[in-house]
Amino acid sequence: MKLQSKYVPLAATVSLFLAMSVFGSVSYTGFFSMQVFLNLLIDNAFLVIVAVGMTFVILSGGIDLSVGSVVALSTVVLAKLVQHFHWNLMFAIPVVLSMGMLFGAFMGWLIQRFRLQPFIVTLAGMFLARGLCYLISIDSISITDPNYTVLAQTRIHLWAEGAMVSISAILALLVLAGAVYIAHYTQFGRTVYAIGGAEHSAVLMGLPVAQTTIGVYALSGFCAALGGVAFTFYMLSGYGLHAVGLELDAIAAVVIGGTLLSGGVGYVFGTLFGVLTLGMIQSLIMFDGSLSSWWTRIVIGTLLFVFCVLQRLFETDRRTT
Amino acid sequence: MSKLTSPSLLARVQRHPLLWPVVTLVLILIVNASMNPGFWILQWRDGHLYGSIIDILNRAAPLMLVSLGMTLVIATRGIDISVGATVAIGAAVAALMVGGKLVITDGLPQHISRFPMWLAIVCALLTALACGLWNGVLVAKIGLQPIIATLILMVAGRGVAQLLTDGQIVTVYYPPYFYIGSGYLWGLPFALFIAAFVYVAMHLTVTRTALGLFIQAIGINPAAARVAGVRERLISMCVYAFCGLTAGIAGLIISSNVKSADGNNAGNLLELDAILAVTLGGTLLTGGRFSLAGSMIGALIIQTLTSTIYSIGVPPEINLVVKAAVVFVVMLMQSPEFRRAVRGWVVRPDIRSHP
């Protein structure tokens, strides 16, 4: 049985994750437990959601730098609505989600309609969303609404005694499942891959390139807003300085997850393992105790480097054969 | 020049690439002067000029330097988002090597540096150059996309800077070092002279040699440039290395100005400001045509905008929204599709164009 070459990056990521888990379990006592692994998911639920949206953007050959700011904006708006205006969650959350989606769609429209570079448009979107946070509130708004705190602290027990997950972790898994369905079983998903492969050919094939491009950024904005909601479950506050640099973590997770930055190649499922690998690095450094926090960044940078170079070799290899 | 062959002065001004950047800068300066009557006042105080304008020029110097390096990178169709991290690394190396402690010699308190200052500066600049070269190798030799190649250093670079400073803010106690960022020469900030020197050197290099043409050729069509015999990879690599070097100089100025190096915050978001300055100056992000003078003006626009927002009493948080609005306007004006669309809204379409 030979591994199909298109699965190689995904397999590399999964094996790296497994190797790191084994290393952690052997080196540190108490590492090998269900809860440590579930905590990876709980602590990074918002990142999974955001990175899934980013995967679609990167698959289509674009990039979205605004996600971190949109997460922050969502937390601020949500906190403001719930805490100061006493809105019901049933209304506040859909409002925040549609706001994120409209924000993304607007950037997608600019990119598509005026042939602007995704990098610079989403950069401006990043400034705009971050600035809007401060216009709404300069200080951190903590959420003390009883319904909200109950929801945030709910833990759902799984089969094993003591092993539990939060609502946002389940939300993240649902988003992932939805994204896998969209990417592989809908026309939208196939069009995204086609645009990333060759936009011009996609146009000539008569695919709905314009709508799909806008849709991709709308989806990313939606995921970022949903990530913001999950972030408030985690932090119980809205603040303009939340999630600074989250876009880099999301891009790193997507790349480590095996998606090619040139677009058209990759799997949403790999992004989950990209995020888990980033979380695993943090857990290992935490369990070790003697390493300082900045090692996280250095290790993530090194991993990015290794994966990018491997991808590059893989790409040239595929082209020559 | 005879009047028949050359276009009128007005037409030439209208077509000049620096028209819009200069107009933007002048508009912001007018707003400033109307809001703040003392804006243009220059005073001679403590042996140097003193005033809002001087302050803006002094603060804009690091951004100018980074923007100059960034211009060349963008002209070759690249982008360097790691300059902020390079600034932090350069600043950390310089601050650590200069250090400085108080020693009493002959009854006089004196600050001495850990290593000679020139050595510290050379090492910091070499480190920054190495950072740039690393980016250049990843882009030109390995063939990574520029944004991703520089993302690696952007993520890891701050970690490296914090590793060097051990997560602390390194304070410098060596007065001669402060001259770089807050000293004055002939009544003007010394940092401005550094920026001006780099600008003039670059301007001469790209106009008096074929290098400017080569860079432009690479930006317009890398494959064609290679076929035409331009050593595309070597030039790209040097351009990234140079961008690292300018970021290193900016790091020296910034650390000398605040008398310390903070691995986490030095040069934070500087890459975005630099890209913005380059775009404002009329360099296209798609590569090719570039303007060093435009980038200098772009950096001045951003710094003046920031100073304006602080001085007219608007909450500084609005700064980001204003910047976003400026980026949106500038990039729309650069888009041929947008200009065509606007023409469609303003001018009534010809009957024949819609058969």
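Keep in mind that what you see is a predicted model, and the values were worked out from it rather than measured.

Moving on, we get to the overall build of chain B. The secondary structure content of chain B amounts to 15 helices and eight strands. Relative to the compact-globule value of 20 Å for 355 residues, chain B shows a C-alpha radius of gyration of 22 Å, a close match. Structurally, chain B occupies a C-alpha span of about 90 × 55 × 45 Å along its principal axes.

All names here are of chain A. Examined against the element boundaries, Gln35 turns out to sit in helix α2 (residues 34-43). Assessed through the 15 C-beta atoms surrounding it within 10 Å, Gln35 is described here as partly exposed. Sequence separation between Gln35 and Ala163 is 128 residues, and the spatial gap between their C-alpha atoms is 5.3 Å.

Residue and element names in this part refer to chain B. Here chain B averages 80 in pLDDT, and 91% of its residues register 70 or above. Ranking the elements of chain B by mean pLDDT puts strand β3 (residues 101-105) last with 68 and helix α11 (residues 232-258) first with 89. Both scores are given for the predicted complex: the pTM is 0.82, the ipTM 0.73.

This part takes up the confidence of the model for chain A. Per-residue confidence for chain A gives a mean pLDDT of 86, with 94% of residues at or over 70. Per-element confidence in chain A ranges from a low mean pLDDT of 76 for helix α14 (residues 294-320) of chain A to a high of 94 for helix α3 (residues 45-59) of chain A.

Residue and element names in this part refer to chain B. In a regular helix each residue adds 1.5 Å, so 20 residues correspond to 28 Å; helix α13 (residues 292-311) covers 28 Å between its end C-alpha atoms and thus fits that length. For α13, the tally of buried residues reaches 15 of 20 residues, placing the bulk of the element in the interior. Of the residues trailing α13, Gly313 is marked for its positive phi of about 85°.

Moving on, we get to the interface of chain A and chain B. At the interface, 38 residues of chain A touch 33 residues of chain B. Elements supplying a minimum of two residues to the side of chain A that touches chain B: α6 (118-136), α12 (246-256) and α14 of chain A.

As a further point, take the nonpolar core. Residues and elements named next belong to chain A. Counting 209 residues, the largest nonpolar core has Ile49, Val50 and Leu304 as the members making the most contacts within it. When residues in this core are grouped by element, the largest group, 15 residues, is from helix α11 (residues 209-235). If sequence neighbours within four positions are ignored, Ile49 has contacts with Ala172, Val175, Cys223, Leu226, Gly227 and Ala230.

Residue and element names in this part refer to chain A. Following both chains from N to C, one finds helix α4 (residues 67-84) and α6 inclined at 25°, their axes separated by 8 Å at the closest point. Classed by the angle they form, the pair α4 and α6 counts as roughly parallel. α6 is crossed by α4, and the crossing has left-handed handedness. The residues of α6 that touch α4, namely those facing Ser69, Val70, Ala72, Leu73, Val76, Val77 and Lys80, are Met126, Ala129, Arg130, Leu132, Cys133 and Ile136. Of the residues belonging to the contact of α4 with α6, the class tally is 10 nonpolar, one polar and two charged.

Before going further, it helps to examine unusual backbone geometry. Glycine aside, the phi torsion of most residues is negative, and most peptide linkages are trans. Although it is not a glycine, Arg115 of chain A adopts a positive phi angle of roughly 50°. Turning to its location among the elements, Arg115 of chain A is positioned in the loop between α5 (89-113) and α6. Phi at Arg77 of chain B takes a positive value of approximately 70°, unusual for a residue other than glycine. On the secondary structure map, Arg77 of chain B appears in the loop between α3 (52-75) and α4 (83-98). For Arg77 of chain B, a count of 19 C-beta atoms within 10 Å gives the class partly exposed.

Think of an α-helix as turning once every 3.6 residues; residues three or four places apart then point the same way. Residue and element names in this part refer to chain B. Look at α3: 33 Å from first C-alpha to last across 24 residues, which is about the 34 Å you get at 1.5 Å a residue. When the local axis directions of α3 are compared, the greatest deviation, roughly 40°, occurs at Ala61, which is followed within four positions by the proline Pro62. For α3, the buried fraction is high: 19 of the 24 residues fall into the buried class. At the exit of α3 stands Arg77, carrying a positive phi of roughly 70°.

All names here are of chain A. When you line up the elements, Val180 lands in helix α8 (residues 167-185). As a C-alpha pair, Val180 and Gln311 span 131 residues in sequence and 22 Å in three-dimensional space. Setting aside chain neighbours within four positions, we find Val180 in contact with Val268 and Phe269.

Quick look at the environment of Phe305 of chain A now. With respect to the secondary-structure elements, Phe305 of chain A resides in helix α14. Taking the C-alpha atoms as reference points, Phe305 of chain A and Ile256 of chain A, separated by 49 residues in sequence, lie 9.5 Å from one another.

Quick notes on the rules
- Residues numbered from 1 in each chain as written.
- Chains lettered and ligands numbered in written order.
- Predicted model: local features only at pLDDT ≥ 70, side-chain atom pairs only at ≥ 80, totals over all residues.
- Helix = DSSP H or I, 4+ residues; strand = E, 2+ residues; numbered from the N terminus.
- Rg over C-alpha atoms; globule rule 2.2 N^0.38 Å.
- Buried ≥ 20, exposed ≤ 12 C-beta atoms within 10 Å, placed from the backbone.
- pLDDT = per-residue confidence, 0-100.
- Expected span 1.5 Å × (residues − 1).
- Contact = placed C-beta atoms within 7 Å.
- Core = buried A, V, L, I, M, F, W, Y, C linked by C-beta atoms within 7 Å.
- Axes fitted to C-alpha atoms, helices over the stretch in contact; angles between N-to-C directions.
- Parallel < 35°, antiparallel > 145°, perpendicular 65-115°, else oblique.
- Left-handed = near helix turned anticlockwise from the far one by under 90°.
- Nonpolar A, V, L, I, M, F, W, Y, C, P; charged D, E, K, R; others polar.
- Bend = angle between axes of the 7 residues up to and from the residue.

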